[in-house]
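Structural description and commentary
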Amino acid sequence: MKRPKKIQLIILPLVILLLSGSLFSRNLIMNEKSQEIPVLTYHCLTDDPAIAKSDPLYVSSKKFAEDLDYLKKNGYTTIFAKDMDQPLPPKPVVITFDDGYKNNDTYGYPLLKQYGMKATIFIIASAMGSDRKLTWPEARALADSGVIDIQSHTYNLHHRLEDGTASMEQGSKETETAYRSRVNEDINQTNERFDQYMGYRPKAFAYPYGAYNVLNDQILKAADYTVTFTSENKIGKKNDSLYLFPRVEIYEHTSLGYLLMKYTLINLFS
Ligand SMILES: [Zn+2]
């Protein structure tokens, strides 16, 4: 016998309600032990909806404002990436921008300021002032505002080597010694530029192309970085190591609410 549709319509929401209730209580228990720190990755912002629709690097300023609004309404507090080792607010979230685009300043800064929120920009130090990128004085002004913190995305290891490997990786014909000195030299160059233009040295680092390995992880730790980020799509927790911390990429079509719920559920069952 077929069950009347009406009953199905009542049972289904009840099951969902019961299930979400038990998940919710598990979530509360888990949060006491291990608080989540969602780290969101953006690249470019635009006020042109057509660009936001067609280029995956871009998110519209409208969507970015909606994301900030969602975070505010849901009780999140934004913190800088470099402050992840400090005491955390109840619902921390880290907003990051990669590559140091000028449009982060043009469209992101005013919205962040309006919402009383913070973000971190990972810059490629050698590319400052080049095509569509922030200049050093612009980066300094952003950092001085207290709204946006500037951290490192390498000096000049954001490209591919001749053999196709990411330049943060060891080349197929490169010795370990040569690789170590190449990465260390890049860190020294970054520090010199930050000393000169920013008045501090970076503590947080985002791996270009998410290209991390045992050696470059060691090198960054030895160079006094306190937090490093991969591009692994996950939400990390307070008890996790702050090295190789995961981030979730945000696209124009991403629903932030759905995404945060999805990764929370994955954390619950993993
Ligand atoms: Zn990048």
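Residues numbered from 1 in each chain as written. Predicted model: local features only at pLDDT ≥ 70, side-chain atom pairs only at ≥ 80, totals over all residues.

1. Details of the packing of helix H6 (residues 176-197) against helix H7 (residues 214-222)
At a minimum axis separation of 10 Å, H6 and H7 run at an interaxial angle of 45 degrees. Judged by the inter-axis angle, H6 sits oblique to H7. At the point where H6 passes H7, the crossing takes the right-handed sense. Listed contacts from H7 to Glu176, Tyr179, Arg180, Val183 and Asn184 of H6 are Leu215, Asn216 and Ile219. Looking at side-chain class alone, the contact of H6 with H7 contains 4 nonpolar, 2 polar and 2 charged residues. (Axes fitted to C-alpha atoms, helices over the stretch in contact; angles between N-to-C directions. Helix = DSSP H or I, 4+ residues; strand = E, 2+ residues; numbered from the N terminus. Parallel < 35°, antiparallel > 145°, perpendicular 65-115°, else oblique. Left-handed = near helix turned anticlockwise from the far one by under 90°. Contact = placed C-beta atoms within 7 Å. Nonpolar A, V, L, I, M, F, W, Y, C, P; charged D, E, K, R; others polar.)

2. A short note on the nonpolar core
If you look at the biggest cluster of nonpolar residues, it comprises 55 residues, and the most contacted ones within it are Leu40, Leu45, Val59, Val94, Ile121, Ile123 and Ile148. Ignoring anything within four residues of it in the chain, the contact list for isoleucine 148 reads Tyr109, Leu112, Ala119, Ile121, Leu142 and Ala143. (Core = buried A, V, L, I, M, F, W, Y, C linked by C-beta atoms within 7 Å. Buried ≥ 20, exposed ≤ 12 C-beta atoms within 10 Å, placed from the backbone.)

3. Quick notes on the pairing of strand S8 (residues 148-152)
Extensive coverage of S8 is indicated by the burial of 5 of its 5 residues. Burial along S8 is two-sided: Ile148, Ile150 and Ser152 facing one way and Asp149 and Gln151 facing the other are all buried. Bridge analysis of strand S7 (residues 119-123) against S8 gives 5 bridges, and the strand direction is parallel. The partner of isoleucine 121 across the bridge, within S8, is isoleucine 150. Regarding the hand of the β-α-β motif, the stretch spanning S7, helix H5 (residues 136-145) and S8 is right-handed. (Pairing = 2+ DSSP bridges. Right-handed = clockwise from strand over helix to strand, strands pointing away.)

4. A short note on the confidence of the model for the protein
Confidence along the protein averages 90 in pLDDT terms, with 88% of residues attaining 70 or more. Scored below 50 in pLDDT, residues 12-18 shows 0 contacts in the model against residues more than four places distant or in partner chains. (pLDDT = per-residue confidence, 0-100.)

5. A few points about the pairing of strand S2 (residues 39-42)
Residue alternation in S2 divides its side chains into two sets, Val39 and Thr41 and Leu40 and Tyr42, and both sets are buried. Where S2 lies against strand S6 (residues 92-99), 4 bridges are found, and the strand directions are parallel. Bridge assignment links tyrosine 42 to a residue of S6, and that residue is phenylalanine 97. Here S2 pairs with strand S12 (residues 248-249) via 2 bridges, running parallel. Bridging across to S12, threonine 41 finds its partner in glutamate 249.

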